[in-house]
Amino acid sequence: MNSHKQVLTLTMTALLIAVGTVIPLFMPKVIIGPMSFTLASHVAIMIALFLSPAVAVAVALGTTLGFFLAGFPFVVVMRALTHVIWAYLGSKYAQKHPNMFKSSRKTWLFNFAIAVIHAVGEMIIVIPFYYAGMDIQTFLYMIVGLVGIGTMVHSSVDFFITTVVWKVLAKNSTIAGIANVKTVYLLKNA
């Protein structure tokens with residue numbers, strides 16, 4: 001990679017970390033313990049996923065540090081740290097199969113796959129914080145329902161927002177020049 005592309009990639013990474021850190025501070029949120037849902041909180045990481053695995057990991061780590069420095073509860077910081085897993089895996093897959101996003105069906109399947117990985121990671125992280133003495137019904141409601149299914153829905157909503165934002169960003173030839181994924185179709189021909 002030439003030095004111009006390196007500077008562009010570093011600049012995009014820094015901007016995405018900044019955006020990913022600021023969004024949770026100002027966007028609307030719904031908190032239903034042990035879960036919190038902040039609209040668009042995954043968008044910066046999902047955009048990074050379209051750029052490269054290194055950018056995706058850096059943005060996931062940077063936003064985790066941002067959550068920590070902003071004083072979010074430790075469990076929220078740990079949930080944010082799990083984003084490194086799905087961001088890396090999703091970005092590696094996107095890097096190997098960038099044309100899959102030209103099919104709305106394949107894009108939805110990709111969205112579902114990263115949402116599942118995302119949910120499993122967050123469920124595993126919250127168990128030590130919330131499981132103590134919990135009966136199975138409460139466990140299923142809190143961990144599987146709120147955290148698992150809630151994360152899948154939240155991740156999918158943010159992915160939809162990401163595709164709208166990416167359509168605009170990818171029109172910029174400079175950004176498209178450093179991206180692994182150039183085009184994303186979530187809805188047929190849209």
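Residues numbered from 1 in each chain as written. Predicted model: local features only at pLDDT ≥ 70, side-chain atom pairs only at ≥ 80, totals over all residues. Heavy atoms only, no water.

Colleague: Would you explain the nonpolar core in this entry?
Modeller: Formed by 34 residues in total, the largest nonpolar core has its most connected members in Leu16, Phe50, Leu51, Phe101, Phe159 and Trp166. Of all elements in the fold, only helix 1 (3-26), helix 2 (43-51), helix 3 (53-69), helix 5 (83-96), helix 6 (104-130), helix 7 (136-169) and helix 8 (173-178) reach the threshold of two or more residues within this core. Sorting elements by how many residues they give to this core places helix 2 first, with nine residues. Once residues within four sequence positions are removed from consideration, Leu51 is found in contact with Met12, Leu16, Trp166, Ile175, Ile178, Ala179 and Asn180. The next biggest cluster of nonpolar side chains, apart from the first, holds 14 residues, and it includes Phe67, Val76, Val77 and Leu146. (Core = buried A, V, L, I, M, F, W, Y, C linked by side-chain atoms within 4.5 Å. Buried < 20%, exposed > 50% of the residue type's maximum accessible area, 1.4 Å probe, protein only. Helix = DSSP H or I, 4+ residues; strand = E, 2+ residues; numbered from the N terminus. Contact = heavy atoms within 4.5 Å.)

Colleague: Could you clarify how one ought to interpret unusual backbone geometry in this entry?
Modeller: Negative phi characterises most residues that are not glycine, and trans characterises most peptide bonds. Of note, Ala40 is a non-glycine position whose phi angle comes to about 70°, a positive value. With respect to the helices, strands and loops of the structure, Ala40 is situated in the loop between strand 2 (35-38) and helix 2.

Colleague: What's the story with the pairing of strand 1 (residues 29-32) in this structure? I'm lost.
Modeller: As a general feature of sheets, a regular strand has side chains that alternate between the two faces. Where strand 1 and strand 2 come together, four bridges link them in antiparallel fashion. Bridge pairing in strand 2 links Lys29 to Thr38. Hairpin connection of strand 1 to strand 2: two residues between the antiparallel strands. (Pairing = 2+ DSSP bridges.)

Colleague: For this particular structure, what's the right way to read the packing of helix 2 against helix 5?
Modeller: Two quantities define a packed helix pair, namely the angle between the axes and the distance from one axis to the other. Direction vectors running N to C along helix 2 and helix 5 enclose 30°, while the axes themselves pass 8 Å from each other. Looking at the two axes, helix 2 sits roughly parallel to helix 5. Remark: the crossing between helix 2 and helix 5 carries right-handed chirality. Facing Ile45, Met46, Ala48 and Leu49 of helix 2, the residues of helix 5 in contact are His83, Trp86, Ala87, Gly90, Ser91 and Ala94. Among the residues making up the contact of helix 2 with helix 5, the classes are represented as seven nonpolar, three polar and no charged. (Axes fitted to C-alpha atoms, helices over the stretch in contact; angles between N-to-C directions. Parallel < 35°, antiparallel > 145°, perpendicular 65-115°, else oblique. Left-handed = near helix turned anticlockwise from the far one by under 90°. Nonpolar A, V, L, I, M, F, W, Y, C, P; charged D, E, K, R; others polar.)

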